Amino acid sequence: MKILLKNAMVITMNEKREVYKKGNVLIEDDKIINIGHFPIPEDCDEIMDCEGKTIMPSFVNTHTHTSQQLARGLADDVPLLTWLHDRIWPYESNMTEEDSYVSTLLFCAEQIKAGCTSIAEPGGQFVSGMAKAISQAGIRGKLAKSVMDCGEGLPKSWQHTTDEELAIQEEDLKKFHNTADGRVKVWFGIRTIFNATDELLLRTKELADKYGVGVHMHIAEAKAEVDYAKETRGATTVTHLNNLGFLDKNIIAAHAVWLSNEEVEMFRDHDVKVSHNPASAMRVLGFAKIPRMLREGVCVALGTDGTPTNNRMNMVDEMWVTSLIHKGWRLEPDVVKAEEILAMATINGARAVGEEDLYGSLETGKKADLIIINPNNSPDMLPVHDPIANLVTSMHSTNIECTMCNGRWLMKNRVLLSIDEEAILREGREHAEAICKRGGIRLPDRFPML
């Protein structure tokens, strides 16, 4: 197939950050073969006139829990320990492989409708279920198992030795890595330092290096975590990981809220990638030093986290929150600018998952992963005085009309093409109810039910 998208404002996010005011994008099979101003070829299979619209790279969600999609609303307005022990662990530990598949497919529907085509999962229960859904939905996924080899209060089904956890991950990698035309890849996961021995940390890193993949871990997420690390390991989380030799370019540090200035420099020196989850962080975690990280040259990308901590699995919303949160806590109106945030959501995300040579920007030879935005389909985005800031501060996911991944349309005119949306919404409701029943999860009524 040869597809021509013409007459659009094309925001490339390439190294020079070039923007074509009235440009074209030519796609053949899964790649972009021309971009900018060029004669219209006569052999196109599809031509779409994008007059008045914007074309840009699709989003990369670098930290999100696909298996938690059916837990939306289960853990609002509760303390952390209640959130964990009474809601999330009973929910996750009672999931089946089919639940994981349905949860991930419902998650993919939300991602596609919000313009996201690449995700990094830090650890779910069934990589098999996740891989099946990602493959079917047509997006890209770096998938990992939720890995823990110690910790108090773990459900019995999660109590595994270090050897067992590593063996399961290696088996998943051999089965599912590089499947679905390379869109599905398997990484190694570590839940948190609360639940990881030093042996698990070091052997995980060794295996990741052996297979040429990454490690996804919640790092310096909460104050209680860094205090725990200091008490049990003699140093705060990042310093301890640095002392172990764990920090490296193939590590995604999710959240990274509680870092000292010296630890930011450790991330810079070892090229650790940071997934900033501002909406999730504002719930209880704190304010990450994103302005300092950006100044130091740390690769900062964006993520939504999971539905029990954010509720909105929407990268458009995450950009908007990012545009506000750091200005507020630092009282600096010009800190973390729109162009930096757009990079976090696109090219930095691709860099964080090790695939900036494939996507994250619109360039000749790269994969055709893109979205088409219509600012004129509602009053929310109008008028457009500053097209870059407008995308970050005014856009809603409903302004995204089309989503493409790997040269394939996943959504056109707000209609999902790779997923039966009505069916998955129905199945999602049914599976969510069943999981809560098995896990004995019941939320108190906020108001009298009549």
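Reading guide: rules and limits
Residues numbered from 1 in each chain as written. Predicted model: local features only at pLDDT ≥ 70, side-chain atom pairs only at ≥ 80, totals over all residues. Heavy atoms only, no water. Helix = DSSP H or I, 4+ residues; strand = E, 2+ residues; numbered from the N terminus. Rg over C-alpha atoms; globule rule 2.2 N^0.38 Å. Buried < 20%, exposed > 50% of the residue type's maximum accessible area, 1.4 Å probe, protein only. Contact = heavy atoms within 4.5 Å. Areas by Shrake-Rupley, 256 points an atom, 1.4 Å probe, with all protein chains shown as cover. Lys, Arg positive; Asp, Glu negative; His and termini not counted. Charge placed at Lys NZ, Arg CZ, Asp CG, Glu CD. Patch = residues over 30% accessible without salt bridge, like charges linked within 9 Å, V, L, I, M, F, W, Y side chains within 5 Å. Salt bridge = Lys/Arg side-chain N within 4 Å of Asp/Glu carboxyl O. Pairing = 2+ DSSP bridges. Axes fitted to C-alpha atoms, helices over the stretch in contact; angles between N-to-C directions.

### Some remarks on the overall build of the protein
1) Next: If you tally the helices and strands in the protein, you get 15 helices and 18 strands.
2) Next: The C-alpha atoms of the protein give a radius of gyration of 21 Å, which matches the 22 Å a tight globule of 450 residues would have.
3) Next: Summarising its shape, the C-alpha atoms of the protein cover approximately 65 × 50 × 50 Å along the three principal directions.
4) Next: Burial statistics for the protein: of 450 residues in total, 59% are counted as buried.
5) Next: Counted over contacts in the protein with a minimum sequence separation of 6, partners at least 24 positions apart contribute 71%.
6) Next: By element, 50% of the accessible surface of the protein is carried by carbon and sulfur atoms, the whole surface being about 18200 Å².
7) Next: One way to put it: in the protein the 50 positive side-chain charges average out to a point 1 Å from where the 66 negative ones average out.

### What to know about a nonpolar patch on the surface
1) Next: Residues Met-282, Phe-287 and Trp-329 make up a contiguous nonpolar surface patch of roughly 290 Å² in combined accessible area.
2) Next: You can see Trp-329 is positioned in helix 11 (residues 315-330).

### Observations concerning the pairing of strand 1 (residues 2-11)
1) Next: Most of strand 1 sits inside the fold, with seven of its ten residues counted as buried.
2) Next: Looking at chain direction, strand 1 and strand 2 (residues 19-28) are connected through seven bridges and run antiparallel. The residue bridging Ile-11 from the neighbouring strand is Val-19, located in strand 2.
3) Next: Relative to strand 4 (residues 46-49), strand 1 is paired through four bridges, and the arrangement is parallel. Residue pairing for strand 4: Ile-3 is matched across the bridge by Glu-46.
4) Next: Two elements, strand 1 and strand 5 (residues 54-57), share two bridges in a ladder whose sense is parallel. Bridging across to strand 5, Val-10 finds its partner in Ile-55.

### Side note on the sheet that holds strand 6 (residues 59-61)
1) Next: In spatial order, the strands read 6-7-8-9; together these four strands make up an open sheet with parallel pairing. Each end of this open sheet is capped by a strand with a single partner; those strands are strand 6 and strand 9 (184-186). Neighbour-to-neighbour, the strand axes of the sheet open up by a mean angle of 15°, direction not taken into account.
2) Next: Pairing of strand 6 with strand 7 (residues 116-120), which is carried by three bridges, proceeds in the parallel orientation.

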